[in-house]
Amino acid sequence: MSTVSYSVTDAVATITLDDGKVNVLSPTMQQNIHAALDQAEQADDVKAIVLAGNNRVLSAGFDLAIFGSGDAAAGFAMLRGGIELMDRILRFPVPVVVAATGPAVAGGSFLLCSGDHRIGSEKTRCQANEVAIGMTVPQSCIEILRMRLTNSAFQRAVGLAATFTGDEARAGGWLDEVVAPEDVLSRAQEVAAGFAATLHTQHHLASKLKARAAGLAAIQAGIDGLAAEFGG
(Lines give C-alpha, C1' and ligand atoms only; values in the text may rest on other atoms or scores of the structure.)
Protein backbone atom coordinates (compact mmCIF):
# COMPACT_ATOMS: atom_id res chain seq x y z
CA MET A 1 0.00 0.00 0.00
CA SER A 2 1.35 3.45 -0.93
CA THR A 3 2.05 5.99 1.78
CA VAL A 4 1.13 8.80 -0.63
CA SER A 5 -2.04 9.61 -2.56
CA TYR A 6 -2.31 11.88 -5.59
CA SER A 7 -5.25 13.72 -7.11
CA VAL A 8 -5.75 16.70 -9.43
CA THR A 9 -8.51 19.33 -9.33
CA ASP A 10 -8.52 22.64 -11.22
CA ALA A 11 -4.82 22.50 -12.15
CA VAL A 12 -3.80 21.72 -8.54
CA ALA A 13 -2.24 18.38 -7.66
CA THR A 14 -2.80 17.37 -4.04
CA ILE A 15 -0.15 15.02 -2.67
CA THR A 16 -1.22 13.57 0.67
CA LEU A 17 1.17 11.80 3.02
CA ASP A 18 -0.46 9.07 5.10
CA ASP A 19 1.38 6.06 6.47
CA GLY A 20 -1.43 5.49 8.99
CA LYS A 21 0.77 6.85 11.76
CA VAL A 22 3.02 9.93 11.90
CA ASN A 23 4.27 10.08 8.30
CA VAL A 24 7.91 9.27 8.95
CA LEU A 25 10.18 10.18 6.07
CA SER A 26 11.27 6.60 5.49
CA PRO A 27 12.86 5.50 2.22
CA THR A 28 9.45 4.25 1.08
CA MET A 29 7.76 7.54 1.91
CA GLN A 30 10.50 9.46 0.11
CA GLN A 31 10.20 7.26 -2.98
CA ASN A 32 6.43 7.70 -3.09
CA ILE A 33 6.65 11.49 -2.70
CA HIS A 34 9.16 11.59 -5.56
CA ALA A 35 6.82 9.47 -7.69
CA ALA A 36 3.96 11.88 -7.04
CA LEU A 37 6.18 14.87 -7.81
CA ASP A 38 7.25 13.16 -11.05
CA GLN A 39 3.60 12.70 -11.98
CA ALA A 40 2.84 16.35 -11.31
CA GLU A 41 5.93 17.58 -13.14
CA GLN A 42 5.08 15.55 -16.22
CA ALA A 43 1.44 16.70 -16.34
CA ASP A 44 0.77 19.69 -18.56
CA ASP A 45 -2.40 20.56 -16.63
CA VAL A 46 -0.78 20.86 -13.18
CA LYS A 47 0.13 24.44 -12.32
CA ALA A 48 0.48 24.19 -8.53
CA ILE A 49 0.85 21.54 -5.82
CA VAL A 50 -0.53 21.04 -2.34
CA LEU A 51 1.60 18.82 -0.10
CA ALA A 52 -0.51 17.71 2.87
CA GLY A 53 -0.31 15.42 5.87
CA ASN A 54 -2.95 13.15 7.34
CA ASN A 55 -5.37 14.17 10.08
CA ARG A 56 -2.74 13.61 12.77
CA VAL A 57 0.47 15.17 11.50
CA LEU A 58 2.32 16.66 8.56
CA SER A 59 5.39 14.59 9.39
CA ALA A 60 7.28 13.59 12.52
CA GLY A 61 10.56 13.41 10.58
CA PHE A 62 12.94 10.66 9.65
CA ASP A 63 12.42 7.04 10.71
CA LEU A 64 14.25 6.77 14.03
CA ALA A 65 14.05 2.98 13.86
CA ILE A 66 16.34 3.05 10.82
CA PHE A 67 18.74 5.47 12.55
CA GLY A 68 18.81 3.14 15.56
CA SER A 69 19.07 -0.11 13.61
CA GLY A 70 22.85 -0.22 13.63
CA ASP A 71 22.90 -0.03 9.83
CA ALA A 72 24.83 3.22 9.41
CA ALA A 73 24.68 3.09 5.62
CA ALA A 74 20.87 2.81 5.64
CA GLY A 75 20.55 5.71 8.06
CA PHE A 76 22.87 7.87 6.01
CA ALA A 77 21.05 7.04 2.76
CA MET A 78 17.70 7.93 4.32
CA LEU A 79 19.06 11.23 5.63
CA ARG A 80 20.66 12.20 2.33
CA GLY A 81 17.58 11.15 0.38
CA GLY A 82 15.31 13.23 2.58
CA ILE A 83 17.43 16.35 2.23
CA GLU A 84 17.61 15.88 -1.54
CA LEU A 85 13.81 15.61 -1.56
CA MET A 86 13.52 18.92 0.30
CA ASP A 87 15.97 20.51 -2.11
CA ARG A 88 13.82 19.27 -5.00
CA ILE A 89 10.73 20.85 -3.47
CA LEU A 90 12.53 24.18 -3.00
CA ARG A 91 13.41 24.07 -6.72
CA PHE A 92 10.09 22.66 -7.95
CA PRO A 93 8.88 24.25 -11.21
CA VAL A 94 5.38 25.12 -9.94
CA PRO A 95 4.31 26.66 -6.61
CA VAL A 96 4.21 24.22 -3.68
CA VAL A 97 1.72 24.96 -0.90
CA VAL A 98 2.22 22.91 2.26
CA ALA A 99 -0.87 22.09 4.31
CA ALA A 100 0.43 21.49 7.84
CA THR A 101 -2.54 19.41 8.94
CA GLY A 102 -0.72 18.64 12.19
CA PRO A 103 2.73 18.89 13.77
CA ALA A 104 5.84 19.32 11.66
CA VAL A 105 8.70 17.96 13.74
CA ALA A 106 12.38 17.30 13.04
CA GLY A 107 12.62 16.29 9.36
CA GLY A 108 8.96 17.27 9.02
CA SER A 109 9.84 20.82 10.02
CA PHE A 110 12.44 21.01 7.26
CA LEU A 111 9.89 19.63 4.82
CA LEU A 112 7.45 22.35 5.91
CA CYS A 113 10.04 25.06 5.30
CA SER A 114 10.67 23.74 1.79
CA GLY A 115 7.23 24.87 0.58
CA ASP A 116 6.62 28.16 -1.19
CA HIS A 117 3.56 28.92 0.97
CA ARG A 118 2.75 27.19 4.25
CA ILE A 119 -0.61 26.98 5.96
CA GLY A 120 -1.27 25.65 9.44
CA SER A 121 -3.54 26.17 12.42
CA GLU A 122 -3.18 27.39 15.99
CA LYS A 123 -2.52 23.74 16.86
CA THR A 124 0.28 23.22 14.33
CA ARG A 125 3.47 22.51 16.29
CA CYS A 126 6.70 23.34 14.47
CA GLN A 127 9.92 22.09 16.00
CA ALA A 128 13.40 21.04 14.95
CA ASN A 129 13.86 18.83 17.99
CA GLU A 130 17.24 17.26 17.15
CA VAL A 131 19.24 18.74 20.03
CA ALA A 132 16.54 17.60 22.47
CA ILE A 133 16.82 13.96 21.34
CA GLY A 134 20.60 13.71 21.12
CA MET A 135 21.21 14.59 17.48
CA THR A 136 23.00 17.39 15.64
CA VAL A 137 21.05 19.30 13.01
CA PRO A 138 22.59 18.63 9.55
CA GLN A 139 24.11 21.67 7.88
CA SER A 140 21.78 21.42 4.89
CA CYS A 141 18.76 21.44 7.19
CA ILE A 142 20.14 24.43 9.06
CA GLU A 143 20.37 26.22 5.71
CA ILE A 144 16.73 25.38 4.91
CA LEU A 145 15.66 26.92 8.21
CA ARG A 146 17.94 29.92 7.70
CA MET A 147 16.16 30.68 4.41
CA ARG A 148 12.69 30.77 5.96
CA LEU A 149 12.85 31.77 9.63
CA THR A 150 13.48 35.11 11.29
CA ASN A 151 16.93 35.29 12.87
CA SER A 152 15.57 35.04 16.42
CA ALA A 153 13.36 32.05 15.58
CA PHE A 154 16.22 30.45 13.64
CA GLN A 155 18.62 30.63 16.59
CA ARG A 156 16.02 29.29 19.02
CA ALA A 157 14.97 26.53 16.62
CA VAL A 158 18.45 25.22 15.84
CA GLY A 159 20.16 25.57 19.19
CA LEU A 160 17.31 25.24 21.68
CA ALA A 161 14.77 22.96 19.94
CA ALA A 162 12.16 25.65 20.59
CA THR A 163 8.54 24.81 19.81
CA PHE A 164 6.44 27.26 17.79
CA THR A 165 2.67 27.12 17.34
CA GLY A 166 -0.03 29.27 15.78
CA ASP A 167 0.68 32.98 15.54
CA GLU A 168 4.18 32.55 17.02
CA ALA A 169 4.96 30.07 14.23
CA ARG A 170 3.72 32.57 11.67
CA ALA A 171 5.70 35.43 13.23
CA GLY A 172 8.84 33.28 13.30
CA GLY A 173 8.55 32.31 9.64
CA TRP A 174 7.42 28.69 9.96
CA LEU A 175 3.95 29.43 8.56
CA ASP A 176 2.51 32.00 6.17
CA GLU A 177 -1.13 31.61 7.25
CA VAL A 178 -2.93 30.33 10.34
CA VAL A 179 -6.51 29.11 9.89
CA ALA A 180 -8.91 26.86 11.78
CA PRO A 181 -7.66 23.25 11.93
CA GLU A 182 -10.55 21.97 9.81
CA ASP A 183 -9.77 24.56 7.11
CA VAL A 184 -6.05 23.91 6.61
CA LEU A 185 -6.35 21.61 3.61
CA SER A 186 -9.18 23.48 1.87
CA ARG A 187 -7.41 26.81 2.34
CA ALA A 188 -4.17 25.33 0.95
CA GLN A 189 -6.05 24.11 -2.12
CA GLU A 190 -7.70 27.51 -2.52
CA VAL A 191 -4.37 29.33 -2.36
CA ALA A 192 -2.78 26.85 -4.77
CA ALA A 193 -5.64 27.33 -7.23
CA GLY A 194 -5.03 31.07 -7.06
CA PHE A 195 -1.36 30.58 -7.85
CA ALA A 196 -2.24 28.20 -10.69
CA ALA A 197 -4.58 30.79 -12.22
CA THR A 198 -2.39 33.86 -11.88
CA LEU A 199 1.30 32.95 -12.02
CA HIS A 200 3.38 32.30 -15.12
CA THR A 201 5.16 29.04 -14.34
CA GLN A 202 8.37 29.80 -16.23
CA HIS A 203 8.83 33.15 -14.52
CA HIS A 204 7.77 31.80 -11.13
CA LEU A 205 10.55 29.23 -11.30
CA ALA A 206 13.21 31.57 -12.68
CA SER A 207 12.44 34.20 -10.06
CA LYS A 208 12.38 31.91 -7.04
CA LEU A 209 15.63 30.25 -8.10
CA LYS A 210 17.26 33.69 -8.28
CA ALA A 211 15.83 34.66 -4.90
CA ARG A 212 17.03 31.40 -3.32
CA ALA A 213 20.36 31.10 -5.11
CA ALA A 214 22.58 31.62 -2.07
CA GLY A 215 20.48 29.37 0.15
CA LEU A 216 20.26 26.61 -2.45
CA ALA A 217 24.03 26.74 -2.96
CA ALA A 218 24.53 26.39 0.79
CA ILE A 219 22.08 23.47 0.94
CA GLN A 220 23.91 21.72 -1.91
CA ALA A 221 27.26 22.30 -0.21
CA GLY A 222 25.78 20.65 2.89
CA ILE A 223 24.59 17.71 0.83
CA ASP A 224 28.04 17.38 -0.76
CA GLY A 225 29.65 17.46 2.69
CA LEU A 226 27.17 15.15 4.39
CA ALA A 227 29.49 12.14 4.39
CA ALA A 228 32.22 14.16 6.10
CA GLU A 229 29.65 15.57 8.53
CA PHE A 230 28.03 12.28 9.55
CA GLY A 231 29.83 9.48 7.72
CA GLY A 232 28.33 7.42 4.93
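Thresholds applied
- Residues numbered from 1 in each chain as written.
- Predicted model: local features only at pLDDT ≥ 70, side-chain atom pairs only at ≥ 80, totals over all residues.
- Heavy atoms only, no water.
- Pairing = 2+ DSSP bridges.
- Helix = DSSP H or I, 4+ residues; strand = E, 2+ residues; numbered from the N terminus.
- Patch = residues over 30% accessible without salt bridge, like charges linked within 9 Å, V, L, I, M, F, W, Y side chains within 5 Å.
- Areas by Shrake-Rupley, 256 points an atom, 1.4 Å probe, with all protein chains shown as cover.
- Salt bridge = Lys/Arg side-chain N within 4 Å of Asp/Glu carboxyl O.
- Buried < 20%, exposed > 50% of the residue type's maximum accessible area, 1.4 Å probe, protein only.
- Core = buried A, V, L, I, M, F, W, Y, C linked by side-chain atoms within 4.5 Å.
- Contact = heavy atoms within 4.5 Å.
- Axes fitted to C-alpha atoms, helices over the stretch in contact; angles between N-to-C directions.

## Things to note about the sheet that holds strand S5 (residues 104-105)
Thought 1: Spatially, the three strands line up as an open sheet ordered S5-S7-S8, and their pairing is mixed. Looking along the sheet, the strands with just one partner apiece sit at the ends: S5 and strand S8 (164-165).
Thought 2: Bridge count for S5 against strand S7 (residues 125-127) is two bridges, and the pairing is parallel. Bridged to Val105 within S7 is Gln127.

## Some details on a nonpolar patch on the surface
Thought 1: Together, Leu64, Ile133 and Met135 make up an exposed nonpolar region whose accessible area comes to about 250 Å².
Thought 2: Among the residues examined, Leu64 registers a relative accessible area of 51% and is labelled exposed.

## Regarding the nonpolar core
Thought 1: Within the largest apolar cluster, 54 residues are counted, with the highest numbers of intra-cluster contacts made by Ile49, Leu112, Leu145 and Trp174.
Thought 2: Looking at this core, the element that brings in the most residues is helix H3 (residues 72-90), giving eight residues.
Thought 3: For Leu145, the contacting residues outside a window of four places in its chain are Phe110, Cys113, Ala128, Phe154, Val158 and Trp174.
Thought 4: Ranked by size, the runner-up nonpolar core spans 13 residues in total, among them Ala48, Val184, Ala188 and Ala196.

## Examining the sheet that holds strand S2 (residues 12-17)
Thought 1: Spatial strand order, S1-S2-S3-S4-S6-S9: six strands in an open sheet with mixed pairing. Each edge of the open sheet is held by one strand with a lone partner, namely strand S1 (4-9) and strand S9 (177-179). Pairs of neighbouring strands in the sheet enclose a mean axial angle of 20 degrees, with direction left out of account.

## Considerations on the pairing of S2
Thought 1: Burial within S2 is extensive, with six of its six residues counted as buried.
Thought 2: The side-chain alternation of S2 yields two buried faces, one formed by Val12, Thr14 and Thr16 and the other by Ala13, Ile15 and Leu17.
Thought 3: Relative to S2, S1 runs antiparallel, the two being bridged by six bridges. Paired with Val8 across the two strands is Ala13, which belongs to S2.
Thought 4: In textbook terms, the turn of a hairpin is the stretch between consecutive antiparallel strands, and for S1 and S2 this stretch comprises two residues, one of which, Asp10, has a positive phi near 50 degrees.
Thought 5: Of the pairings in the sheet, the one linking S2 to strand S3 (residues 48-52) comprises five bridges and is parallel in character.

It is worth stressing that arrangement in space is one thing and function is another; only the former is reported here.
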